[in-house]
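Commentary on secondary and tertiary structure
Residues per chain, in single letters:
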Amino acid sequence: VVMADWQVITGDCLEVMRGMDADSVDAVITSPPYNIGKNYNGGNDNRPDYIEWLSVVLQQAAQVTDDCLWVNLGYRKTPAGNVPIVFEIWNRLGLYLMQAIKWEYGAGCTYSSRFNHRTEDWLWLVKDQTRYTFNPDDVRDLSLTKYVNDKRNSLKGKLPGDVWYFPHVAGNHTQREAHPAQYPQPMIERIIRATTNPGDLILDPFAGSGTTGVACVQTGRRFIGIEIDEDYATIARARIAKAAEQARQLTLGIEQAA
């Protein structure tokens with residue numbers, strides 16, 4: 001276990017990132033507000049210039065990352081229909097789209113006029129399609145090795161596809177905090193393990209309840225979170241500090257055993 005440094009900054013993410021050097025973090029992993037009127041992000045969750053504002057924020061995030069940007073968003077209603085927000089924005093960022101991941105979460109809104117909504121999109125964007133981090137062996141399912149007679153399959157296990165199932169952090173979920181849009185930690189850990197290396201510095205400009213930070217310290221990465229709401233920033237700091245202490249105790253246990 002590599003011990004990780006971390007911090008959560010209270011402030012406007014655009015202003016904070018404008019004060020950061022270009023290429024100063026290894027990855028950005030974030031889920032901005034969806035502009036659907038929820039009570040978070042200091043009122044930026046329900047603004048008429050949402051797409052323009054978010055484009056500027058993510059363009060700045062693209063400037064500060066040296067490798068990749070992972071961004072998760074849902075849908076918004078437009079005159080042309082229900083449009084995935086990420087696909088309205090990604091081509092403004094100057095990054096190469098490696099892959100679009102479909103996140104299936106099972107529970108969701110129930111409609112009578114169309115099929116029930118059960119998915120969101122993650123975009124994996126990189127600065128240089130010839131130089132980026134990808135660690136497939138770190139995210140393989142080691143239990144799925146039974147088809148060993150097919151030389152196309154790895155004995156190290158099955159690599160995840162581009163549709164991921166992770167349930168929402170909602171209801172009585174054990175990880176749930178006082179935040180209206182918390183995403184599942186195992187999903188973030190998969191992204192971190194696959195597309196960053198131990199010791200890398202990861203930024204989440206919409207840190208929320210700190211899930212990305214918790215996943216970072218538990219996988220030996222460093223973390224910078226930016227959160228405009230002090231209440232959520234306080235929750236994030238407490239969660240990450242607890243995870244960092246657990247990682248420290250684990251490291252001590254391993255060293256003592258050795």
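Before going into details, it helps to say that this report is about the structure given with it. (Residues numbered from 1 in each chain as written. Predicted model: local features only at pLDDT ≥ 70, side-chain atom pairs only at ≥ 80, totals over all residues. Heavy atoms only, no water.)

A few points about the packing of aromatic side chains
Enumeration over the complete set of coordinates arrives at 10 aromatic pairs. Taking the centre distance of 6.1 Å and the plane angle of 70° together, the rings of Trp70 and Trp122 count as edge-to-face. Separated by 52 residues along the polypeptide, Trp70 in strand E3 (residues 65–73) and Trp122 in strand E7 (residues 119–126) bring together distant segments of the chain. By the burial criterion, Trp70 is buried, and Trp122 matches it. Joined through ring pairs, the aromatic side chains of Trp70, Trp122, Trp124, Tyr132, Phe134, Trp164, Phe166 and Tyr183 make up one cluster. (Phe/Tyr/Trp six-rings, centres within 6.5 Å; stacked < 30°, edge-to-face > 60°. Helix = DSSP H or I, 4+ residues; strand = E, 2+ residues; numbered from the N terminus. Buried < 20%, exposed > 50% of the residue type's maximum accessible area, 1.4 Å probe, protein only.)

Some points on the sheet that holds strand E10 (residues 222–227)
The strands that make up a sheet are held in pairs by hydrogen bonds between backbone atoms, and each pair lies either parallel or antiparallel. In spatial order, the strands read E1-E10-E9-E2-E3-E7-E6-E8; together these 8 strands make up an open sheet with mixed pairing. On the outer flanks of this sheet lie strand E1 (6–10) and strand E8 (163–165), each paired with one strand and no other. Pairs of neighbouring strands in the sheet enclose a mean axial angle of 20°, with direction left out of account. Contacting E1, strand E2 (25–30), strand E9 (201–204) and E10, helix H5 (residues 211–218) crosses the sheet at an angle of about 170° to E10. (Pairing = 2+ DSSP bridges. Axes fitted to C-alpha atoms, helices over the stretch in contact; angles between N-to-C directions. Contact = heavy atoms within 4.5 Å.)

Some remarks on the pattern of salt bridges
Going through the model one piece at a time under the given rule, you end up with 6 salt bridges. For Glu15, the salt bridge is made with Arg18, and the minimal N-O distance between the two is 3.2 Å. Highlighted residues: Glu15 and Arg18, both in helix H1 (residues 13–18), separated by 3 residues, approximately one helical turn. Take Arg18: its relative accessible area is 48%, and that puts it in the partly exposed class. Measuring nitrogen to oxygen at the nearest pair gives 3.7 Å for the salt bridge that ties Arg131 to Asp66. Of this pair, Arg131 sits in the loop between E7 and E8 while Asp66 sits in strand E3; the two residues are 65 residues apart in sequence, bridging distant segments of the chain. What makes Arg131 partly exposed here is its relative accessible area of 42%. By relative accessible area, which is 24% here, Asp66 ends up partly exposed. (Salt bridge = Lys/Arg side-chain N within 4 Å of Asp/Glu carboxyl O.)

What to know about the nonpolar core
Core analysis: the largest hydrophobic core is formed by 31 residues, its most contacted members being Met17, Leu54, Leu73, Ile89 and Leu203. A total of 9 residues in this core trace back to one element, the largest contributor, which is helix H2 (residues 50–64). In this structure, Ile29, Cys68, Trp70 and Ile191 belong to the second largest nonpolar core, which totals 28 residues. (Core = buried A, V, L, I, M, F, W, Y, C linked by side-chain atoms within 4.5 Å.)

Description of the side chain of Thr133
Mapped onto the fold, Thr133 is located in the loop between E7 and E8. Judged by relative accessible area, Thr133 falls into the buried class, the value being 13%. In this structure the side chain of Thr133 is engaged in a polar contact, spanning 2.8 Å, whose partner is the side chain of Asp67. (Polar contact = N/O pair within 3.5 Å; in protein donor to acceptor, adjacent residues only side chain to side chain.)

Overview of the pairing of strand E6 (residues 96–104)
Here E6 runs beside E7; their pairing, made up of 8 bridges, is antiparallel. Looking across to E7, one finds that Gln99 is bridged to Trp124. Bridging between E6 and E8 involves 3 bridges; their strand directions are parallel. Residue Lys102 lies in a different strand from E8, and its bridge partner there is Val163.

A word on helix H4 (residues 185–195)
Along H4, 8 of the 11 residues are buried, which leaves the element largely enclosed by surrounding structure. The set of residues buried in H4 consists of Gln185, Met187, Ile188, Glu189, Ile191, Ile192, Ala194 and Thr195.

Focus: the side chain of Ser55
When you line up the elements, Ser55 lands in helix H2. Among the polar contacts listed, one links the side chain of Ser55 to the side chain of Arg92, at a separation of 3.1 Å. Among all residues touching Ser55, those that are not within four sequence positions of it are Ile89, Arg92 and Leu93.

Quick look at a nonpolar patch on the surface
A cluster of nonpolar residues, Tyr132, Phe134 and Leu159, forms a patch on the protein surface that exposes about 240 Å² of accessible area. Relative to the helices and strands, Tyr132 is located in the loop between E7 and E8. Residue Tyr132 is classed as partly exposed on the basis of its relative accessible area of 33%. (Patch = residues over 30% accessible without salt bridge, like charges linked within 9 Å, V, L, I, M, F, W, Y side chains within 5 Å. Areas by Shrake-Rupley, 256 points an atom, 1.4 Å probe, with all protein chains shown as cover.)

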